[in-house]
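Examination of the molecular architecture
Okay, here's what each chain looks like letter by letter:
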Amino acid sequence: MIERYVLLLFADGVSDDLFAELSQRLPNLYRIVGIKLGLTNNEIDVIEVDNRLVQDITMKVLCRWKQRKGSAATRTSLVNALLAARCIEEAEFVRNYKV
C-alpha cells in the first residue's frame with residue numbers, strides 16, 4: 001500500500017494552514033516525522049526547549065523544514081516523509097488537503 005503513494009507528484013507547496021491542521025493530527029510523532037524530513041535530533045531538541053505544547057512543537061518542526069527547503073518543501077516530500085514514518089492516515093490527509 002505504501003509503495004503506491006511514494007511517487008506522488010504535486011506542483012503546489014505547503015502552507016501554514018496545512019501545517020496547523022496537520023500538527024493536530026500528529027501527537028507525539030513530531031520527532032520521527034522531523035527526522036524523515038531531514039531535521040536533526042539536535043534541531044528538534046532546540047524546538048522542544050522553546051515550546052511546551054506538542055502541537056506547537058510539531059508546527060515549529062514543519063515550519064523549520066519549510067524554511068530550510070524553501071521551494072523544495074512540497075506536498076510530495078511531506079507525504080513521502082509521513083509514509084516513511086508510517087503515518088498513513090496523515091499522509092492521505094496531506095495528499096487530499098484542499099487549499
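This text follows the structure it describes.
To keep things clear, this report deals only with the structure shown in the data block. (Residues numbered from 1 in each chain as written. Predicted model: local features only at pLDDT ≥ 70, side-chain atom pairs only at ≥ 80, totals over all residues. Heavy atoms only, no water.)

Moving on to the packing of helix H1 (residues 16-25) against helix H6 (residues 88-96). Between H1 and H6, whose axes approach to 11 Å, the crossing angle comes to 160°. By the angle between their axes, H1 is roughly antiparallel relative to H6. Once H1 is placed against H6, the crossing between them reads as right-handed. For the pair H1 and H6, contact is made by Leu18, Glu21, Leu22 and Arg25 and by Glu90, Phe93 and Val94, respectively. Per-class residue counts for the contact of H1 with H6 are four nonpolar, no polar and three charged. (Axes fitted to C-alpha atoms, helices over the stretch in contact; angles between N-to-C directions. Helix = DSSP H or I, 4+ residues; strand = E, 2+ residues; numbered from the N terminus. Parallel < 35°, antiparallel > 145°, perpendicular 65-115°, else oblique. Left-handed = near helix turned anticlockwise from the far one by under 90°. Contact = heavy atoms within 4.5 Å. Nonpolar A, V, L, I, M, F, W, Y, C, P; charged D, E, K, R; others polar.)

Phi angles above zero are rare outside glycine, and Asn28 is one such case at about 65°. Relative to the assigned elements, Asn28 resides in the loop between H1 and helix H2 (30-36). With a phi angle near 65°, Arg86 is a residue other than glycine that sits in the positive phi range. In this fold, Arg86 is placed in the loop between helix H5 (75-84) and H6. The exposure class of Arg86 is exposed, given its relative accessible area of 61%. (Buried < 20%, exposed > 50% of the residue type's maximum accessible area, 1.4 Å probe, protein only.)

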